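What follows is each chain in one-letter form.
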Amino acid sequence: MNALELEFSQAQDSSQWLAGQAVDALLDEARLAPKPGLVDSRGRGAHTDLDLDLMCRSARALAPAFTEMAGAARDTGAPTLALRESLGRIGREAEAVMMKTTQGINTHRGAIWAMGLLVAGAAMAPDVASPARTARLAAVIARLPDRHAPQVTGNKGERACRDFGVLGARGQAQAGFPQVIERGLPELQRSRSRGDSETASRLNALLAILSGLDDTCVLSRAGPAALQALQADAAGVLAGGGVATLTGRRLLRQLDARALAFNVSPGGAADLLAATLFLDRLDPRVQRPSLL
């Protein structure tokens, strides 16, 4: 193997590694339990058309797209209009793969957007494993226009943004994923530092995100009152000591019951938890306990 071939092989390996981290983060999110209203290892949550097996098959089907996104960003080396449009094209193709895999069920549309941008940000700065820097690069890409993107998709999240005046997944990305950087990751690290299990720490991170997120999945199903109730309940679990405590676990069960009563699933918060876990995986400074 000559020097050029070796360089190409190493670049391919790095892109595939990043894609693997992204897929593993999606799988970790899907399997985490007990999550309020969401599909997890216990069951379907508030869904009738989703289960854990389908979520996992969908996540794995996205690996080639994330690899291609990482390669495009690595080759470009900077946020450019051409990169934004390449990522948009790959993302739309990934969505088609997802829909084929799931027979028409939306499992990861929001995650393709968020994770694809973060994979690209990480590929552009492989030697700087800072979650904040990766998120900032992703935000610069997200703010660039894509001439080829459909103006109107008809997706539930898009309608919720219009109907309720929120920014949704697009706004989160363009702002640099504040719910991840300012809520999810700090809570994950705070919970670990006080000795919580990894499962409890990840659940607390999800609740921290949910407590401050205008989750369009909840809004589209049940409106602002339901979202406000879930946000308040999530904040209450954390105020009660988090899910590692008896009080916190009792409050989490109440939150889960409320989500099921509203028939809502905070999928936006779940996507951002996966993004949190992805960025956490890339940070070599973090000491992660085993998942117990």
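What you are looking at is a predicted structure, and each value in this text was computed from that prediction instead of being measured. (Residues numbered from 1 in each chain as written. Predicted model: local features only at pLDDT ≥ 70, side-chain atom pairs only at ≥ 80, totals over all residues. Heavy atoms only, no water.)

Draft legend 1. Examining unusual backbone geometry more closely. Across the junction of Ala-33 and Pro-34, the peptide omega takes the value 0 degrees, indicating a cis bond. Here Pro-34 is to be found in the loop between helix H1 (3-31) and helix H2 (52-61). Phi is positive for Gln-103, which is not a glycine, with a value near 60 degrees. As for its position among the elements, Gln-103 is in the loop between helix H4 (81-102) and helix H5 (109-124). Using a relative accessible area of 75% as the deciding quantity, one classes Gln-103 as exposed. A positive phi angle is found at Asn-263, which is not glycine, with a value near 60 degrees. (Helix = DSSP H or I, 4+ residues; strand = E, 2+ residues; numbered from the N terminus. Buried < 20%, exposed > 50% of the residue type's maximum accessible area, 1.4 Å probe, protein only.)

Draft legend 2. Structural view of the state of the cysteines. For the structure shown, the criterion picks out zero disulfides. Among the cysteines around Cys-56, which has no disulfide bond, Cys-217 carries the closest sulfur, lying 18 Å off. A disulfide-free cysteine, Cys-217 has its sulfur positioned 10 Å from the sulfur of Cys-161, the nearest such atom. (Disulfide = S-S within 2.5 Å.)

Draft legend 3. Summary view of the packing of helix H7 (residues 156-164) against helix H11 (residues 216-239). Remark: H7 packs on H11, axes separated minimally by 8 Å, with the N-to-C direction vectors making an angle of 60 degrees. In this view, H7 runs oblique relative to H11, as classed from their interaxial angle. Here H7 runs over H11; the crossing is left-handed. Every residue of H11 that contacts H7 at Lys-156, Gly-157, Ala-160, Cys-161 and Phe-164 is listed here: Thr-216, Leu-219, Ser-220, Gly-223 and Pro-224. (Axes fitted to C-alpha atoms, helices over the stretch in contact; angles between N-to-C directions. Parallel < 35°, antiparallel > 145°, perpendicular 65-115°, else oblique. Left-handed = near helix turned anticlockwise from the far one by under 90°. Contact = heavy atoms within 4.5 Å.)

Draft legend 4. Highlighting the confidence of the model for the protein chain. Mean pLDDT over the protein chain stands at 92; residues scoring 70 or higher make up 93%. Note on residues 1-9: pLDDT is under 50 here. Beyond four places in sequence and across chains, it has two contacts. (pLDDT = per-residue confidence, 0-100.)

Draft legend 5. Here's a closer look at the packing of H11 against helix H12 (residues 246-262). Taken N-terminus to C-terminus, the directions of H11 and H12 make an angle of 170 degrees; their axes are 9 Å apart at the nearest point. Considered as vectors, H11 and H12 are oriented roughly antiparallel to each other. Across the interface between the two elements, Ala-222, Ala-226, Ala-229, Leu-230, Asp-233, Ala-234, Gly-236 and Val-237 of H11 pack against Gly-248, Leu-251, Leu-252, Leu-255, Arg-258, Ala-259 and Phe-262 of H12.

Draft legend 6. Quick look at the environment of Gly-184. Mapped onto the elements of the fold, Gly-184 is located in helix H9 (residues 178-193). For Gly-184, a relative accessible area of 0% puts it in the buried group. In the structure, Gly-184 is positioned 121 residues away from Ala-63 in sequence and 24 Å away in space, judged by C-alpha atoms. Once residues lying within four places of it in the same chain are set aside, the contact partners of Gly-184 are Gln-179, Ala-205, Ile-209 and Thr-276.

Draft legend 7. Looking closely at helix H13 (residues 267-282). Along its 16 residues, H13 runs 23 Å from first to last C-alpha, staying within 8% of the 22 Å computed at 1.5 Å per residue. Across the 16 residues that make up H13, a large majority, 15, are buried. (Expected span 1.5 Å × (residues − 1).)

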